[in-house]
Amino acid sequence: MVPPFAADIDGTLTRPDKSIDPRVFDPIREWGAPVVIATGKSFPYPVGLCEFFGVPINVIAENGGAVYVESTDEVIYNGDPKGARAVERAYLDAGYELGWGDVDPVNRWRETELAVARDQPLDPLVEIADEHAMVVVDTGYAYHVKAPDVDKGSGLETAAAALGYDAEAFVAIGDSENDAELFDLVGTSFAVENADETAKRTADVITEATFADGFLEALDLVRGSAG
């Protein structure tokens, strides 16, 4: 039997142009154990992705800030929305921008943290976040302002318990420093070859292939060890 797994989205299920690689759909849909999508994106993104994959909606969103397991019919919030909003106000009041335009689809549905574009000034963001007891994580796609005690690892603990598993029973696949706590928690962790140094240093295995090719390689390795 294969183990349950948790997978990141950006840089893991995607191609270099940030689009989802269609080759991941069938392996995820056909996996013989629970699948959890663990991402820094806001809640609607992994929910929609699970719908299109055709799998139960089991998601860790906003770097652990929001967790939903479909069978429980409950969203569990672990983040600090007041802290995130305070950092946002202070950053904007200081004359900076979030970098996503007026509509801001990146933060529009975000509930427990704040995402700032990576072309915006980082040092003042870190300083303001620290003043509000928040931390900044660079995922390679955005600067995420979040509560220091909330991460994908704590999110998986919540999701795994709801699914009837220990977190150590899971495999995790990712590409970024925001996957490190997740990697520390699971039984076996895989960093795809395009991963940052923090993810590679924390992972048990680094795939030879990058992006979705690395994800598919990891699944093959898991199947082989399970067989």
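Residues numbered from 1 in each chain as written. Predicted model: local features only at pLDDT ≥ 70, side-chain atom pairs only at ≥ 80, totals over all residues. Heavy atoms only, no water.

1. A look at the nonpolar core
Item 1. F5, L13, I28 and F215 are the most contacted members of the largest nonpolar core, which totals 31 residues.
Item 2. At the level of elements, strand 1 (5–7), strand 2 (35–38), helix 2 (44–53), strand 3 (58–61), strand 4 (66–69), strand 9 (171–174) and helix 8 (211–226) are the ones that each hand at least two residues to this core.
Item 3. Tallying contributions element by element places helix 8 first for this core, with six residues.
Item 4. Grouped together as the second largest cluster of nonpolar side chains are 20 residues, I60, F183, V186 and A199 included. (Core = buried A, V, L, I, M, F, W, Y, C linked by side-chain atoms within 4.5 Å. Buried < 20%, exposed > 50% of the residue type's maximum accessible area, 1.4 Å probe, protein only. Helix = DSSP H or I, 4+ residues; strand = E, 2+ residues; numbered from the N terminus.)

2. Considerations on the pattern of salt bridges
Where charged atoms of side chains with opposite charge meet at close range, the side chains can pair.
Item 1. Per the stated rule, a full pass over the model turns up ten salt bridges.
Item 2. Measuring nitrogen to oxygen at the nearest pair gives 3.4 Å for the salt bridge that ties K41 to D10. With a gap of 31 residues between them, K41 in the loop between strand 2 and helix 2 and D10 in the loop between strand 1 and helix 1 (25–29) connect regions that are remote in the sequence.
Item 3. As a salt-bridge pair, K200 and E193 come within 3.1 Å of each other at their nearest N and O atoms.
Item 4. Salt bridges sharing common partners tie together D8, K152 and D179. (Salt bridge = Lys/Arg side-chain N within 4 Å of Asp/Glu carboxyl O.)

3. Considerations on unusual backbone geometry
Item 1. For K18, which is not glycine, the phi torsion reads 80 degrees and is therefore positive.
Item 2. Mapped onto the elements, K18 comes out in the loop between strand 1 and helix 1.
Item 3. Phi is positive for D104, which is not a glycine, with a value near 50 degrees.
Item 4. Position of D104 among the secondary structure elements: in the loop between helix 3 (81–93) and strand 6 (114–116).
Item 5. The exposure class assigned to D104 is buried, which follows from its relative accessible area of 10%.

4. Concerning the packing of helix 3 against helix 4 (residues 123–131)
In a packed pair of helices, the relevant descriptors are the angle between the two axes and the axis-to-axis distance.
Item 1. Where helix 3 meets helix 4, the axes come as close as 9 Å, and the angle between the chain directions of the two elements is 135 degrees. Relative to helix 4, helix 3 is oriented oblique. Helix 3 and helix 4 meet at a crossing whose hand is right-handed. From helix 3, V87, A90 and Y91 reach across to helix 4, where they touch P124, L125, I128 and A129.
Item 2. The class makeup of the residues in the contact of helix 3 with helix 4 is seven nonpolar, no polar and no charged. (Axes fitted to C-alpha atoms, helices over the stretch in contact; angles between N-to-C directions. Parallel < 35°, antiparallel > 145°, perpendicular 65-115°, else oblique. Left-handed = near helix turned anticlockwise from the far one by under 90°. Contact = heavy atoms within 4.5 Å. Nonpolar A, V, L, I, M, F, W, Y, C, P; charged D, E, K, R; others polar.)

5. Notes on the pairing of strand 5 (residues 74–77)
Item 1. For strand 4 and strand 5, the ladder comprises four bridges, and the chain directions are antiparallel. Across the sheet, residue Y68 finds its bridge partner in strand 5, namely V75.
Item 2. Joining the antiparallel neighbours strand 4 and strand 5 is a turn of four residues, in which D73 adopts a positive phi near 55 degrees. (Pairing = 2+ DSSP bridges.)

6. Focus: helix 4
Item 1. Turning to helix 4, its buried residues are P124, L125, I128 and A129. Relative to the axis of helix 4, the buried residues are bounded by an arc of 135 degrees and lie together on one face. Of the exposed residues in helix 4, those oriented more than 90 degrees away from the buried face are D123, E127, D130 and E131.
Item 2. Taken together, the buried residues of helix 4 touch helix 3, strand 6, strand 7 (135–138) and strand 8 (143–146). (Arc of directions from axis to C-beta.)

7. Considering the sheet that holds strand 6
Item 1. Read from one edge of the open sheet, three strands run 6-8-7, paired in antiparallel fashion. Each edge of the open sheet carries a strand with a single partner, namely strand 6 and strand 7. This sheet shows a mean twist of 25 degrees between the axes of neighbouring strands, independent of strand direction.
Item 2. For strand 7 and strand 8, the ladder comprises four bridges, and the chain directions are antiparallel. Its bridge partner being in strand 8, V136 is matched across the sheet by V145.
Item 3. Together, strand 6 and strand 8 form the strand contacts of helix 3, whose direction differs from that of strand 6 by roughly 35 degrees.
Item 4. Most of the contacts of helix 4 go to strand 7, to which it runs at about 140 degrees, and overall it touches strand 6, strand 7 and strand 8.

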